[in-house]
Amino acid sequence: MSITINGDGTVAGATSITGLTATGLPGVITNTTSDPVKTSNKAVGHIWVNRTSGETYVCIDATTNNNEWYNIASGEGNVNIFDISGGTTLTYSHGGTNYNLRKFTSTATFTALADGSVDMLLVAGGGGGGSDHSAGGGGAGGVLWRTAQAVTNGTTYTATVGAGGAKDTNGGDSTVTGSGFSTLTATGGGGGGANDAGNAGGSGGGGGGTSQAGGAGTSGQGNTGGAGDHSGTDYDNHGGGGGGYGATGVSGNDSSNNAGNGGAGGTTLTNQSSAVTDATNTTAFFKGALIGTDSSNVATTGSSSGTLYIAGGGGGGSSWSSSAGGGSGSNAGGSAGVGGGGRGRDDSGHQGNDAGLDNTGGGGGGYGRHATGDGRAGGSGVIVLRWVAT
């Protein structure tokens, strides 16, 4: 006896068949005109054919009312398998676990393709370095690390990446917003002081060289900027370094005739429950996402080695006075805070001041020298989403 099966799963020339017992196919195939949904409630391994579109799915998770279906026909359009559309797609593995990443270096939207949860790293824009003759360095953008953030199937979220601050001004905040989602905000870095105090921010800007205070940092996101220092004589002033995510900015020092170094960026991440991701795991994450810098303040690449840093403060600027004793035009500007900060300018101009590195949240370098001049811009921020690959 032979039986012909039509393309729609019916039997040719028959309205019913009796007396046959099927073995080896215990209801494992559905042939219909629609796609499966998460409430189809089939067993793992069940095959679902949409004969209209030609797409074929297999059930890979049979949790009641939360089935996951993998499209084995095209590999796209999976049903209820967690993924995110939007951003730059990256992956990495560490400690036997595979991770998916979505990276945003400019403002954009992303959409959850199923209910799930993701870890979110937000780095705000760094503050601009202070202007004038002995200004403070810009503070690094704030760093916010939030784990297991719930996102909803079909909901579109906005990832706003903070811009680096222009001279003397704060960097922009980085945020994640969306319907039904509690907004996350990393605070922009504080601008460096120019004959005034550094601005408060994610990390605070360094104080101007006329003994001005450094700006305050935001709790959990950064550190305070260093204070400026002044001999009381003419232009013998030394700006403070901007705060970094990992360390407070260094204060200017009139005794050594040096401006303050920018505070170092961070090598660990602390979440909302005060749980700390150690430097080894954080470095693996930064390298996978291609963010931050190495210990020489060089932007991260796939071949970077050693511990990685993010959100360093900008160095302060320095000036001197010939009447201050020992003034020689070689007073040093503050070094860049590793993690993307820009160095500060010295008095003679042998060392220019630099902008913070983009997508690190680094603070810009402060201006130094007798003549007035401009501080450098802070580096823009970055947002990275992470979840365990299935």
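About the criteria used
Residues numbered from 1 in each chain as written. Predicted model: local features only at pLDDT ≥ 70, side-chain atom pairs only at ≥ 80, totals over all residues. Heavy atoms only, no water. Phe/Tyr/Trp six-rings, centres within 6.5 Å; stacked < 30°, edge-to-face > 60°. Helix = DSSP H or I, 4+ residues; strand = E, 2+ residues; numbered from the N terminus. Buried < 20%, exposed > 50% of the residue type's maximum accessible area, 1.4 Å probe, protein only. Lys NZ or Arg CZ within 6 Å of the ring centre and 35° of its normal. Core = buried A, V, L, I, M, F, W, Y, C linked by side-chain atoms within 4.5 Å. Contact = heavy atoms within 4.5 Å. Salt bridge = Lys/Arg side-chain N within 4 Å of Asp/Glu carboxyl O. Pairing = 2+ DSSP bridges.

Undergrad: Honestly, the packing of aromatic side chains in this entry has me stumped. Any pointers?
TA: Any aromatic ring pair is given by two values, namely how distant the centres are and how the planes are angled relative to each other. Enumeration over the complete set of coordinates arrives at 9 aromatic pairs. Seen from their ring centres, Phe 110 and Tyr 157 are 5.3 Å apart, and the 20 degrees between their planes marks the pair as stacked. Of this pair, Phe 110 sits in strand S8 (residues 108-112) while Tyr 157 sits in strand S11 (residues 156-160), placing them 47 residues apart in sequence. Tyr 157 shares its class with Phe 110; the two are buried. When the ring of Trp 145 is compared with that of Phe 285, the centres are 5.5 Å apart and the planes differ by 45 degrees; the resulting orientation is tilted. Here the residue Trp 145 occupies a position in strand S10 (residues 143-151), and Phe 285 occupies one in helix H1 (residues 279-289), the gap between them amounting to 140 residues. Like Phe 285, Trp 145 is buried. Counting every residue linked through ring pairs, the aromatic cluster contains Tyr 92, Tyr 99, Trp 145, Phe 285 and Phe 286. It is Arg 386 that lies over the ring of Tyr 99; its NZ or CZ is 4.6 Å from the centre.

Undergrad: Teacher, can you tell me more about the nonpolar core here?
TA: Nonpolar side chains in soluble globular proteins generally cluster together in the buried interior. Ranked by internal contacts, the top residues of the largest apolar core, which has 22 residues, are Phe 110, Met 120, Leu 122 and Ile 383. At the level of elements, S8, strand S9 (116-123), S10, S11, strand S13 (181-186) and strand S18 (382-388) are the ones that each hand at least two residues to this core. In this structure, Phe 110 is in contact with Ile 84, Ser 85, Gly 86, Phe 104, Met 120, Thr 155, Thr 156, Tyr 157, Ala 159, Val 176 and Leu 385, ignoring residues within four places of it in sequence. Counting 21 residues, the second largest nonpolar core, distinct from the first, contains Ala 140, Tyr 245, Leu 269 and Ala 311.

Undergrad: Could you clarify how one ought to interpret the pattern of salt bridges in this entry?
TA: Oppositely charged side chains are able to pair whenever their charged atoms sit close together. As enumerated under the stated definition, the model contains 5 salt bridges in all. Between Asp 374 and Lys 167 there is a salt bridge, with the nearest N and O atoms lying 3.0 Å from each other. Pair noted here: Asp 374 is in the loop between H1 and S18 and Lys 167 is in the loop between S11 and strand S12 (174-178), with a separation of 207 residues, a long-range link. Taking the relative accessible area as the measure of exposure, Asp 374 reaches 41% and is therefore partly exposed. Given the relative accessible area of 39%, Lys 167 is considered partly exposed.

Undergrad: Please explain the pairing of strand S4 (residues 68-71) as it appears in this structure.
TA: Regular strands show a simple pattern: their side chains alternate between the two faces of the sheet. Sheet analysis places strand S3 (residues 56-61) next to S4, joined by 4 bridges and oriented antiparallel. Counted as the bridge partner of Cys 59 is Trp 69 from S4. Between the end of S3 and the start of S4, which pair antiparallel, lie 6 residues, with Asn 65 showing a positive phi angle near 60 degrees.

Undergrad: What am I meant to see in the sheet that holds S12 here?
TA: Taking strand neighbours across the sheet as the criterion, the 5 strands line up as S5-S8-S11-S12-S13 in an open arrangement whose pairing is antiparallel. The open sheet is flanked by strand S5 (84-85) and S13, the only strands paired with a single partner. As defined by bridge partners, S11 adjoins S12 across 4 bridges and the pair is classed as antiparallel. Across the sheet, Ala 159 pairs through a bridge with Val 176, a residue of S12.

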